[in-house]
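# Topology and contacts: notes
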Amino acid sequence: MIEIFRELSDYLMTTFTGWGLSFDTATIFKNIINFIFIGCISALSWVIAKFIIIRIVHEVVTRTVNKYDDLLVTHKVVEPLSQIFPAAYIYYLIQFAVSDPEWVDRIRSLCYSWNVFSLIIILFRAIDAVHDILTDILMQKGRKTNIRGYVQVAKIVVGLFGGFGIISILIGQNPLSLFGGLAGISAILMFVFKDSLSGFIASIQLTSLDLVKMNDWITMASRNIEGNVVEITLNTIKVRNFDNSVVTVPTANLMSESFINWSNMQDMEARRMKRTIMIDADSVSVATPELLDRLKKIPILTEYIEQRQKDAADPMDNMQFFGKQEISNLELFRKYIEFYIIANYQIFKKYKPTTITITNEDKSAAKETAAPKIEKTDKPLKSYTLEIYQIDDKEEFLKIHGEAAKDYLKEFKGRTIIKDIDKFTKDFKDDLVVDKKDKRVYYPITKSKSITYINNKLKPSECKSRIIIKDGIFVENGHLMVRQMQQTSTGIPLEVYCFTKITEWASFEKIQSQFFEHLFSIIKEFGLKTYQLSRDEAREGR
């Protein structure tokens, strides 16, 4: 192309001077014609690159099976390539349209700078595409790790290096000399990027300490924030409140202010229910035979009342043993609440080690189970303790994990056990989740599709939940207490402390309300009353 323009320039100069034009006039006309040709060639190269080459790349990408390369098209990563070709043609051909060498150098510097700028845009868009790919992969694996802050840091680094490169090209200086001058303006840079630096440090702390992640439910009372985290950037965290309003809070403020993260509660699938019923002390009394006979008809209290009656009728001194006193209606009501919760347990299927004792003759069989450890007991020559993973229901186990899991089972001393727990958990790692408190306990899981926010867009992802073997409203993996608190002037507080499997806010409040509505409606059956101020007491402001 350069040889063609050189021959064209010689031909135009020969032709114009042959027409009797002066050398300067002929040079002007030659430059104008060459400039027109250069403009046409640059525009043609832009059209070819944008509408042919790039379109072919897009067509190939969209037809591939891999879905992640489609993000290259979505973020328009290769489109800035079309801007490089015109600048390259101008860079090499401008010498035939401009006679002044100084202006040639200036235009070439602009073209070079433009190509560096186009490269920066390509890298920015490629970083965004990589961010979406990694976010989607992490979401599919059930991880909520946020990398938005690191993406923004990468963009800042690319922008700084690219900016210094453009400036060095325009002023004709070595880029290293510009970096040497950074020490002199470091104070100004620290002031300009103060918020970005503090936000970056806070973002690293939040990520490394696992304090907040994408889609976490957080509460900040000081800022009236109650919702899910939809975006974590270098400087701000965006939260979508439950009223669908969007609030942004500086990332550094999450390190300096207190907030509540409910994600662990959601992951554990157990939310605490803690509420107190005020019992009127005047209504507490010894249960009469009529009351006991009536309450015996409640199935969950029948066995307890019969056992308590036997203990109370024991000829031994009842005052020597707590638990053998006279039966009170408050005791029965307290036990009723406890049994009612137990009767509605939500139990998760789990595999946990069970310790058994085996004889010396079973030592050889114990070795074949690949148990973690065999320890001697008080009779070292006759018996041993062994930890096994026992399967209570073989059919259910195979239904959950498939017929291929049959090879991991073995009959041992009348039990069905997992013969190699390490190999089983390794081969079925996608179908199991490890307990956070005890790494030896595994929960089988079921997989389902859920919709989550990725870069403010709704995208499907895989959701894992533990398999339930009994339906109910309460959970086993939490404390259960129905306790009597210190008596006050307003009655005897009876506190219910338990956990429900309902973690979603509105559903939890509904379950909690229904539970206590049941208690308030049935408390009269126990001869008890809830305490509340009378009209006169309320009027006096007691």
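Everything discussed here concerns the structure shown above.
The structure presented is a predicted model; accordingly, all values stated were derived computationally and were not measured. For every chain, the first residue of its written sequence is number 1, and the numbers climb from 1 along that sequence. It should be noted that, the model being predicted, local features are given only for residues of pLDDT at least 70 and side-chain atom pairs only at 80 or more, the latter also being counted only at that level, while totals for whole chains, interfaces and linings use all residues. Working from all heavy atoms in the structure, the side-chain values ignore hydrogens and water.

### Points about the sheet that holds strand 1 (residues 217-220)
Spatial ordering of the open sheet is given by 4-3-2-1-5, a layout of five strands whose pairing is antiparallel. What marks the edges here is a single partner per strand, and that holds for strand 4 (246-250) and strand 5 (260-261). Relative to strand 4, strand 3 (residues 236-241) is paired through five bridges, and the arrangement is antiparallel. Across the sheet, the residue bridging to Thr 236 is Pro 250, located in strand 4. When DSSP finds two or more bridges between a pair of strands, those strands are recorded as paired. Helix numbering and strand numbering both begin at the N terminus, where a helix is a DSSP run of H or I of at least 4 residues and a strand a DSSP run of E of at least 2.

### Remarks on the pairing of strand 7 (residues 345-348)
As defined by bridge partners, strand 7 adjoins strand 17 (residues 474-475) across two bridges and the pair is classed as parallel. Across the sheet, Gln 346 pairs through a bridge with Val 475, a residue of strand 17. Inspection of the sheet shows strand 7 paired to strand 16 (residues 468-470) by two bridges, in the antiparallel sense. Within strand 16, the position partnered with Phe 348 by the bridge is Ile 468.

### With respect to helix 18 (residues 505-522)
Helix span, as expected, comes to 1.5 Å for every residue beyond the first. Here helix 18 is 18 residues long and its end C-alpha atoms lie 26 Å apart, about the 26 Å a rise of 1.5 Å per residue gives. In this structure, the buried side of helix 18 is in contact with strand 6 (271-279), helix 14 (329-343), strand 17 and strand 19 (492-500). Between the side-chain oxygen of the N-cap and the backbone nitrogen of Ala 506 there are 3.4 Å, and the N-cap of helix 18 in question is Glu 504. By definition, residues are in contact when any of their heavy atoms lie within 4.5 Å. Each polar contact in these results corresponds to two N or O atoms within 3.5 Å; when the atoms are within protein, one needs to be able to donate a hydrogen and the other to accept it, and residues that are neighboring in sequence are counted only if both atoms are side-chain atoms.

### Quick notes on the environment of Ala 43
Looking at the secondary structure, you find Ala 43 in helix 2 (residues 23-63). Overall, Ala 43 belongs to the partly exposed group, its relative accessible area being 40%. Along the chain, Ala 43 and Gln 83 lie 40 residues apart, while their C-alpha atoms are 9.8 Å from each other. A 1.4 Å probe rolled over the protein chains alone gives each residue an accessible area, and that area as a share of the maximum for its type sets the label: buried under 20%, exposed over 50%, partly exposed in between.

### Here's the deal with the nonpolar core
Where a protein is soluble and globular, its nonpolar side chains tend to be buried together. Here, nonpolar core means buried Ala, Val, Leu, Ile, Met, Phe, Trp, Tyr and Cys residues that are tied together by side-chain atoms lying within 4.5 Å of each other. Core analysis: the biggest nonpolar cluster contains 36 residues, and Ile 279, Leu 332, Phe 333, Ile 337, Phe 515, Leu 519 and Phe 526 have the highest contact counts within it. For this core, the elements supplying multiple residues, two or more each, are strand 6, helix 12 (289-295), helix 13 (299-312), helix 14, strand 19 and helix 18. For this core, the leading source of residues is helix 14, giving seven residues. Sequence-distant contacts of Ile 337, defined by excluding residues within four places in its chain, comprise Val 482, Leu 494, Val 496, Phe 515 and Leu 519. Leu 398, Leu 409, Ile 421 and Leu 432 belong to the second largest nonpolar core, which has 14 residues in total.

Honestly, that's just the spatial picture; any functional story needs more than this.
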